[in-house]
Amino acid sequence: MKKNVLFLQGNEACVEAALYAGLDFFAGYPITPSTEVAELLSYRLPRKGGKFIQMEDELSSMCAIIGASLTGKKTMTATSGPGFSLMQEALGFGVMTETPCVVLNVQRGGPSTGLPTSGSQGDIMQARWGTHGEHAIIALTASNNQDVFAMTVEAFNLSETFRSPVVLLLDEVVGHTREKLILPEPGEINVVERLKTSVPEGTDYHPYLPREDGRLPMSDFGHVHRYNVTGLAHDMWGFPSTNPEVVYELMRHLVDKIQGHTHEISMTKEFHVDEAEILLVSYGASARTALHVVEDRRQRGEKLGLLELQTLWPFPDEIVKKRCAAVECVIVVEMNMGQILHEVKRVSDNPEKVFLANRIDGSFIAPADILNILRIIQGKGA
Amino acid sequence: MERRRIIFSGSGGQGVITAAIIFAEAAVLYEGLNAVQSQSYGPEARGGASRSDVIISDTDIRFPKVIQPNILVCLTQEAYDTFSGLLRPGGLLITDNHYVRQGGKVDAKQVGLDMYSSVMEAIGRPIVFNICMLGAFVELTQLVKKESIMKVLKTRIPSGTLELNRQALELGVRLAKEFKQ
């Protein structure tokens, strides 16, 4: 059968993937450079029986997708940095109440309203620690349309599997660049459906009592079981508790359910890493420039490789550590002042051999920005 | 094929970005090629010099922006003044004679065509100026077939204006053929 080939923006590829993954409900407040996601879903989603709501702001958008998710729906919102800031409080509520949902942040230059139409990767740490309190989070990214599709589906899958909000961190360049997407057929990519409780009506259901494998089957809120949902520390019934033992178990569960499954969640792509002497580590749009440099330099016989990160949180410590150990030096390529650089230094056995090639002025990082650093490292002068 | 890096430039409202999208989509959907298209957003896209970058290749395209184009299309003087210095030596420079006065300093194959005035004379609707440019562009570059452009137009524009666009496309092809002779 002829493949369904489309030519579209990264934001549009994300919408195709969200619908493929079974999105039922979107609430959002459109913002550049993520606007196309809300625009497209506003007419695509109702046509498949879903709900689209344009909310009054990002706080309410985040709250709405949490509420809708609890009733059994697959939900997402889309925003950029300024909106992502406003969502942080409710993102924490999603973490604490263990509510599956996908939060797309198409990054632009910040802080504040910053550079609305320019690419940036300045929200990496905000995705990790933007909401307060000790917690774990899952954050994914992608560098091209085919991967945007795959990672968007994966974001929904992981949110269901781990009962957690998943942050999808794209950027203006990936979101707005038009290129090919080969639309996967139904069934070609695995879609995870929600794990629902088998506890029958009339029998006690404990919404926050993990099974032995750590998973928590859900019951559609407002359906057959009555239970409590709160942002306060809570017991297995969902009612507030300050009992240190209960709180300790809850905190361990919230963090371990994600950190303890880092190997399952870690997704990376490797290009020419086995023979590499110099390793580039990059992600999102920056990884396109990094790969361009790797392929270009390899034609000249230079031994460069690329490790592209698709999972940013939990950080894929083991993979990065192993790859860093096998090379002479590492260059982290990103559009910020070193947010992933510090993670790579943290896991590397030779942090003094980890360098940064970056761009923070709104211009898309160019091959020359990496080559300049490469020349200095190779002793060829600045 | 050899990779081609192209910048379409003009002023906001001339349809250069639309033309770039149509061209890139034709390459991907009907010619089996890879193409990546991006554009300038924000204030510069509303008046002033607006640009859209397209890279076309039969292999994977990583870096999505154009730094030095092989082919440059300029539909206004401001776009010409802003972008002509970027062109790779020996590249192709396509301009409209009504809007652009080409300087002689650019190391390029310079093609100035009467696209705007011919559109106004033969069709009378400036809205298809960009499609006329696309006709000349595909004839001069031979990167995609004009039939592929028509296939995209059929899916992208209201059927009532399809004939208008077809005329504009053919007009552009003819102008380019005449130039080549």
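**Considerations on the overall build of chain B**
Point 1. The helix and strand tally for chain B stands at six helices and six strands.
Point 2. When its helices and strands are written in sequence order, chain B yields β-α-β-β-β-α-β-β-α-α-α-α.
Point 3. Relative to the 2.2 N^0.38 estimate, which gives 16 Å for 181 residues, the radius of gyration of chain B is 15 Å and therefore close to what a compact globule would have.
Point 4. By principal-axis analysis of the C-alpha atoms, chain B measures approximately 40 × 40 × 35 Å.

**Topic: the interface of chain B and chain A**
It is common to give the size of an interface as the accessible area that goes away when the parts come together.
Point 1. In this assembly, 17 residues from chain B lie in contact with 18 residues from chain A.
Point 2. At the level of elements, α1 (16-30) and β2 (34-39) of chain B are the ones that each hand at least two residues to the side of chain B that touches chain A.
Point 3. Residues belonging to the side of chain B that touches chain A are distributed by class as follows: ten nonpolar, four polar and three charged.

**Details of helix α4 (residues 81-96) of chain A**
Residue and element names in this part refer to chain A.
Point 1. With 16 residues, α4 extends 22 Å from end C-alpha to end C-alpha; this agrees with the ideal 22 Å at 1.5 Å per step.
Point 2. Approximately 50 degrees is the largest bend angle found in α4, and it occurs at Q88.
Point 3. Along α4, the positions that sit buried rather than exposed are G81, G83, F84, M87, A90, L91, G94 and V95.
Point 4. If you follow the buried residues of α4, they end up packed against α3 (58-70), β4 (75-79), β5 (101-109), α5 (124-129), β8 (165-171) and α8 (244-259).
Point 5. Remark: E98 follows α4 within two positions and exhibits a positive phi of approximately 55 degrees.

**Some remarks on the pairing of strand β4 (residues 71-74) of chain B**
In regular strands, side chains alternate between the two faces of the sheet.
Residue and element names in this part refer to chain B.
Point 1. Burial along β4 is two-sided: I71 and V73 and L72 and C74, pointing in opposite directions, are all buried.
Point 2. Bridge count between strand β1 (residues 4-11) and β4: four bridges; the pairing is parallel. By the bridge assignment, I7 is partnered in β4 with L72.
Point 3. Bridge analysis of β4 against strand β5 (residues 91-96) gives four bridges, and the strand direction is parallel. For I71, the partnering residue across the bridge sits in β5 and is L92.

**Side note on the environment of A:M55**
Residues and elements named next belong to chain A.
Point 1. Within the secondary structure, M55 is located in the loop between β3 (51-54) and α3.
Point 2. A C-alpha to C-alpha distance of 5.7 Å links M55 and Y29, two positions 26 residues apart in sequence.
Point 3. Every residue in contact with M55, bar those within four places of it in the chain, is listed here: A27, G28, Y29, S60, S61 and A64.

**Let's talk about the nonpolar core**
Point 1. Formed by 160 residues in total, the largest nonpolar core has its most connected members in A:L168 and B:A136.
Point 2. Considering each element in turn, this core owes the most residues, eleven residues, to α1(B).
Point 3. For this core, the two domains that each supply at least three residues are domain 1 (4-183) and domain 2 (269-377) of chain A.
Point 4. Look past the residues within four positions of B:A136 in its chain and what remains in contact with it is B:I94, B:L113, B:M115, B:G172, B:V173, B:L175 and B:A176.

**A look at the domain arrangement of chain A**
Residue and element names in this part refer to chain A.
Point 1. Partitioning chain A into structural domains gives domain 1 (4-183) and domain 2 (269-377).
Point 2. Distance between the C-alpha centres of domain 1 and domain 2: 26 Å.
Point 3. It is α5 that provides the largest number of residues to the side of domain 1 that touches domain 2, a total of four residues.
Point 4. Its residues assigned to classes, the side of domain 1 that touches domain 2 comprises 15 nonpolar, nine polar and three charged.

**Here's the deal with the packing of helix α4 (residues 129-141) of chain B against helix α6 (residues 162-180) of chain B**
Residues and elements named next belong to chain B.
Point 1. Where α4 contacts α6, the two axes come as close as 6 Å, and the packing angle between them is 45 degrees. Put simply, α4 runs oblique to α6. When the axes of α4 and α6 are compared, the crossing they make is right-handed. Contacts between α4 and α6 involve I131, C132, M133, L134, G135, A136, E139 and L140 from the first element and N165, A168, L169, E170, L171, G172, V173, L175, A176 and K177 from the second.

**Overview of the environment of A:L170**
Residues and elements named next belong to chain A.
Point 1. Structurally, the position occupied by L170 is in strand β8.
Point 2. Expressed as a C-alpha distance, the spacing of L170 and R215, which sit 45 residues apart in the sequence, is 28 Å.
Point 3. The contacts of L170, once residues within four sequence positions are left out, are G10, C14, L104, V106, Q107, T141, A142, V148, G175 and G284.

Parameters and conventions
Residues numbered from 1 in each chain as written. Chains lettered and ligands numbered in written order. Predicted model: local features only at pLDDT ≥ 70, side-chain atom pairs only at ≥ 80, totals over all residues. Helix = DSSP H or I, 4+ residues; strand = E, 2+ residues; numbered from the N terminus. Rg over C-alpha atoms; globule rule 2.2 N^0.38 Å. Contact = placed C-beta atoms within 7 Å. Nonpolar A, V, L, I, M, F, W, Y, C, P; charged D, E, K, R; others polar. Expected span 1.5 Å × (residues − 1). Bend = angle between axes of the 7 residues up to and from the residue. Buried ≥ 20, exposed ≤ 12 C-beta atoms within 10 Å, placed from the backbone. Pairing = 2+ DSSP bridges. Core = buried A, V, L, I, M, F, W, Y, C linked by C-beta atoms within 7 Å. Domains from an automatic or database assignment. Axes fitted to C-alpha atoms, helices over the stretch in contact; angles between N-to-C directions. Parallel < 35°, antiparallel > 145°, perpendicular 65-115°, else oblique. Left-handed = near helix turned anticlockwise from the far one by under 90°.

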